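In case you want the letters, here they are:
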Amino acid sequence: MDVTQLNWFSATDAARAIRDGAISSEQLVEACLARVREAEPQVQAWQFLDPERARAQARARDADRREGRPSGPLHGVPVGIKDIIDTADMPTEDGTVLHAGRTPARDATVVTWLRAAGAVIMGKTVTTECAYFSPGKTRNPHHAEHTPGGSSSGSAAAVAAGMVPLALGSQTNGSTIRPAAFCGVYGFKPTHGLIPRHGILRLSRTLDHVGVFARTLEDIALLAAELVGYDEQDLDTRPRARIPFGAVAAEEPPMPPRLAFVKTPVWDRTEEETREAFAELTAELGDAVEEVELPGSARAAWDWHRTIMDAEMAESLDLEWERGRDRLSAQLRELLARGREVRALDYQQALARIPLLNESFEELFLRFDAILTPAAPGTAPRGLDSTGDPAFCTLWTLCGMPAVNLPLMRGTNGLPLGVQLVGPRAGDARLLRTARWLAAQVAAD
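Residues numbered from 1 in each chain as written. Predicted model: local features only at pLDDT ≥ 70, side-chain atom pairs only at ≥ 80, totals over all residues. Heavy atoms only, no water.

1. With respect to helix 9 (residues 272–285)
Put simply, the test is: Here a helix means four or more residues in a row that DSSP labels H or I, a strand means two or more in a row labelled E, and each is numbered from the N terminus. Under the convention used throughout, the expected extent of a helix is 1.5 Å for every residue step, that is, one less than its residue count. Residue contacts are defined here by distance: any two heavy atoms, one from each residue, within 4.5 Å place the two residues in contact.
Across its 14 residues, helix 9 extends 20 Å between first and last C-alpha, which sits within 8% of the 20 Å expected from 1.5 Å per residue. In this fold, the buried residues of helix 9 make contact with strand 7 (259–261), strand 8 (289–291), strand 9 (370–374), strand 10 (403–410), strand 11 (416–422) and helix 15 (428–444).

2. Overview of the pattern of salt bridges
A side chain of one charge can pair with a side chain of the opposite charge when the charged atoms of the two come close. Selection rule: In the sections that follow, a salt bridge refers to a side-chain nitrogen of Lys or Arg positioned within 4 Å of a carboxyl oxygen of Asp or Glu. Throughout, exposure labels follow a simple rule: accessible area from a 1.4 Å probe, protein chains only, divided by the maximum for the residue type, with under 20% read as buried, over 50% as exposed, and the rest as partly exposed.
Applying the stated criterion across every chain yields a total of 33 salt bridges. The partner of Arg115 in a salt bridge is Asp89, and the shortest N-O contact between them spans 2.9 Å. Taken as a pair, Arg115 in helix 4 (residues 109–116) and Asp89 in the loop between strand 2 (78–82) and helix 4 lie far apart in primary sequence, 26 residues in all. Overall, Arg115 belongs to the partly exposed group, its relative accessible area being 23%. Of the charged contacts in the structure, one is a salt bridge between Arg115 and Asp107, with a shortest N-O distance of 2.7 Å. Among the residues examined, Asp107 registers a relative accessible area of 17% and is labelled buried. Taken together, the shared-partner salt bridges in this structure form one network comprising Arg197, Arg205, Asp234 and Asp236.

3. Things to note about the environment of Val43
By the element assignment, Val43 lies in helix 2 (residues 25–43). Ignoring anything within four residues of it in the chain, the contact list for Val43 reads Lys137, Thr138, Arg139, Pro141, Ala157, Ala161 and Met163.

4. A closer look at the packing of aromatic side chains
We apply this condition: Within 6.5 Å between ring centres, the rings of Phe, Tyr and Trp (the latter by its six-membered ring) count as paired, and their orientation is classed by plane angle as stacked under 30 degrees, edge-to-face over 60, tilted in between.
For the structure on display, the rule yields five aromatic pairs. With centroids separated by 4.6 Å and ring planes inclined at 50°, the aromatic side chains of Tyr132 and Phe133 adopt a geometry described as tilted. For Tyr132, a relative accessible area of 10% puts it in the buried group. Taken together, Phe261, Trp267 and Phe278 form an aromatic cluster joined through their ring pairs.

5. Digging into the pairing of strand 9
How we decide: When DSSP locates at least two bridges between a pair of strands, those strands are taken to pair.
Counted residue by residue, strand 9 has five buried out of five residues, so it is predominantly covered. Examined bridge by bridge, strand 7 and strand 9 share three bridges and lie parallel to one another. The residue of strand 9 that forms the bridge with Leu259 is Ala370. Of the strand pairs in this sheet, strand 9 and strand 11 are connected by four bridges, and their pairing is antiparallel. Looking across to strand 11, one finds that Ile371 is bridged to Val422.

6. Looking at the sheet that holds strand 8
Worth spelling out the cut-off: Lines fitted to C-alpha atoms define the axes, with helix axes restricted to the stretch in contact, and inter-axis angles between N-to-C directions lie between 0 and 180 degrees.
Taken together, the eleven strands give an open sheet; going across it, the order is 1-3-2-4-6-5-10-11-9-7-8, and neighbouring strands pair in mixed fashion. Edge positions in the sheet fall to strand 1 (46–48) and strand 8, since each of these pairs with one other strand and no more. Here the average twist between neighbouring strands, direction ignored, is 30°. Across three bridges, the pairing between strand 7 and strand 8 is parallel. Pairing of Ala260 across the sheet is with Glu290, part of strand 8. Sitting on the sheet, helix 7 (residues 217–227) is in contact with strand 4 (166–171), strand 5 (186–189), strand 6 (209–214) and strand 10, with an inclination near 145° to strand 6.

Purely geometric numbers; function is a separate question.
Take a look at the structure:
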């Protein structure tokens, strides 16, 4: 076994090798740190990374194994954490100068659960300013002159560059699916309320989701299984039976899946090669896919999302506005100013549309297993002043539906071109099963 290449192991394979004694957590972390030293000067995915702290965690995991103490499914596996997610032993600065040096007193719920599963918390990955549009320092691992997407830019780039096998992000509009598409990794945004958000910078209770990144669907299922659960500190979670993500995602579908190809009302934003690529993909899938028009009620969803996001972000970041608006980016100041002007009537009407939208999709999901749609208008745009257009994620985030990016295609420039699958609320594991089927179909073709 070439231990210098351990950083490219999947999390599933690495956890198994550690459990079997074939490798140690310290070897795995050391390989990841070596890759960080090699790639970080160009990619710049990390906001905080203390190699000695990572090594100490790995040694502790190895000692636990040697001494026969209980180990979890992620025992010894390093995970990157987006820098809006609280970590008691590392700074959490939220991508803003207003929170520089902030040191939380306790871990976010998801970090607590990762530690319980045996994970090594590798470090904090770069986020855009307050997880909005103003870019951080991260570059696309495939081409440093192109954006990695945002706001979970560092998490997507770190996984794509082989610095860690797993990372956490978030999504309030397109902040997991878009960077996963641009960086060429799997990204998963679960059903709203499935993964608790306590201890994570709140932007919008209605729209905020935790997201996960990995280089395989098996790893997405492995990580998601450890993060789903009830947390009384997040009122949108609820007690539920444990979801067997790994088992469901790995099984063969009982019947060949049916996909609804949905262009959405923002199709005119796609690049020509995206339209050509999806025409080729749907042709290859043949009878397994059918083009479907969205109900008319969905056409205003982008406006409703904006109303909710503006109003709730203005409320969530009111302290930052009052104490330091002059130190915020122009993009964030504009949003917060706009949000402070949203009428209560417009906000409440937008909220009321969400359950109606989801009802309109119920009939579609009686006929189809998942929606097939672009993850972004095209490949990662050239330039670092923007993180790209999230429009192809907006509707699914508003509805709280699970979505996954599959890195199945490439543009003519060689950069990844993402395919997005969307499933019904609470159909997360089945969505990953359909995603695995689709990936296998494309690979076979």
